[in-house]
Amino acid sequence: MKRVPTMKQLQYLIALADTRHFGHAAERCHITQSTLSAGIRDLESVLGAAVAERSNRRVVMTRLGAQIAERAKAVLREADEIMAMARANPSPMTGEMHLGVIPTISPFLLPRALPVLRERFPDLTIYLREEQTATLLDRLEDGQLDAALIALPYPTDSLTIEVISEDEFLFACHRSHPLAGADEIPREALVGADLLLLEEGHCLRGHTLDVYGIGDARARAQFEASSLHTLVHMVGAGIGVTLIPRLAVDAHITQGTDISLSRLDMAASRQIGLAWRRTSPLAEDYRLLATTLREMTGAGS
């Protein structure tokens, strides 16, 4: 019978290719380093070719090893989906779901959503992962996540997207700012304002710059933060101005601050959407999750 790599050997190879370190790869696979080394040697025996160059200080993947590792990710993802099909229950939303959420959504939506989901789907266990969009989508593509709550627009060509709600941007400034208290802020009034932004990697940064009509390369923010909460406190201290999603405002992020909020005189919003792989056998579960979140946020009424 023709020998082929085992799933375990492919897992070892992927871990080694990602970490370029036998010890770190072994930790990721929850095995000893000697077990991982033996597995890689067995894989090379099956392939009849080396997948890595070893030295005392580092691991360098061969071209073949790197190519096989990339192909192996797709193989393991397909295997996971086969298992998901086998575990599929006639009752929707049961078992486990690994859900990614970006930081500008999770603290404002999840505290409301999780109790509702727990009540409606008591046999569903949700494991949450909060990270920036690019990292979440990489994990989603690799099969580490089942679905992800993200903000749109964002490039998602290989994924299925179900839009949950429209999230309006509000102009935020200190109550002593010349624009404080205005019913609507004209776009031209934003020019020259002391703009505060999230750091690179947050999609809200790009969405804010789109509203301002400037590209990221020309952005000169007076302050860049790692969280929306930090931005709010900086605006509350009179350092500058920013845009805040209504989702966060409705969750009282500006409560107790000296911040004035105003609408913009133009369409300015992001969409909150649920993303999953097009090949997932649990697409109906994710559509049901999206529908539940849409009803809960009032977007479905």
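Residues numbered from 1 in each chain as written. Predicted model: local features only at pLDDT ≥ 70, side-chain atom pairs only at ≥ 80, totals over all residues. Heavy atoms only, no water.

K.L.:
Help me out: how do you make sense of the overall build of the chain in this one?
P.N.:
For the chain, the helix and strand inventory stands at 10 helices and 12 strands. Expressed as a percentage of the 301 residues in the chain, the buried residues total 44%. By sequence separation, contacts in the chain at least 24 residues apart represent 73% of the contacts at least 6 residues apart. With 31 positive and 38 negative side-chain charges, the chain shows a separation of 8 Å between the mean positions of the two kinds. (Helix = DSSP H or I, 4+ residues; strand = E, 2+ residues; numbered from the N terminus. Buried < 20%, exposed > 50% of the residue type's maximum accessible area, 1.4 Å probe, protein only. Contact = heavy atoms within 4.5 Å. Lys, Arg positive; Asp, Glu negative; His and termini not counted. Charge placed at Lys NZ, Arg CZ, Asp CG, Glu CD.)

K.L.:
I would appreciate a short explanation of the side chain of His207 in the present structure.
P.N.:
As for its placement among the helices and strands, His207 is situated in helix α7 (residues 203–212). Assessed through its relative accessible area of 6%, His207 is described here as buried. When near neighbours in sequence (up to four residues on either side) are disregarded, His207 contacts Ala151, Leu152, Pro153, Phe169 and Arg270.

K.L.:
For this particular structure, what's the right way to read the packing of aromatic side chains?
P.N.:
Any aromatic ring pair is given by two values, namely how distant the centres are and how the planes are angled relative to each other. Under the criterion given, the structure shown has one aromatic pair. Summarising the aromatic geometry, the rings of Trp276 and Tyr286 are spaced 5.6 Å apart at their centres and angled 45° between planes, so their arrangement reads as tilted. Of this pair, Trp276 sits in strand β12 (residues 269–277) while Tyr286 is found in helix α10 (residues 283–297), placing the two residues 10 residues apart along the sequence. The exposure class of Trp276 is buried, given its relative accessible area of 1%. (Phe/Tyr/Trp six-rings, centres within 6.5 Å; stacked < 30°, edge-to-face > 60°.)

K.L.:
What am I meant to see in unusual backbone geometry here?
P.N.:
The peptide bond linking Leu152 to Pro153 adopts the cis configuration, its omega dihedral lying at 10°. As for its placement among the helices and strands, Pro153 is situated in the loop between β5 (147–152) and β6 (159–174). With a phi angle near 55°, Arg20 is a residue other than glycine that sits in the positive phi range. Taking relative accessible area as the criterion, Arg20 reaches 42% and is therefore assigned partly exposed.

K.L.:
I keep staring at the environment of Leu114 and nothing clicks. Help me out?
P.N.:
Tracing the chain through its elements places Leu114 in helix α5 (residues 106–120). For Leu114, a relative accessible area of 22% translates into the label partly exposed. Sequence separation between Leu114 and Leu293 is 179 residues; the distance between their C-alpha atoms is 9.8 Å. Residues within four places of Leu114 in sequence aside, it is in contact with Ile126 and Leu128.

K.L.:
Just to check I follow, could you spell out the pairing of strand β3 (residues 95–101) for this structure?
P.N.:
The side chains of a regular strand alternate, first on one face of the sheet and then on the other. The pairing of β3 with strand β4 (residues 124–130) spans seven bridges and is classified as parallel. Residue pairing across strands places Gly100 opposite Arg129, the latter belonging to β4. Following the chain from β3 across α5 to the adjacent parallel β4, one finds a crossover that is right-handed. Sheet topology places β3 next to β5; three bridges connect them, and they run parallel. The residue bridging Leu99 from the neighbouring strand is Ala147, located in β5. (Pairing = 2+ DSSP bridges. Right-handed = clockwise from strand over helix to strand, strands pointing away.)

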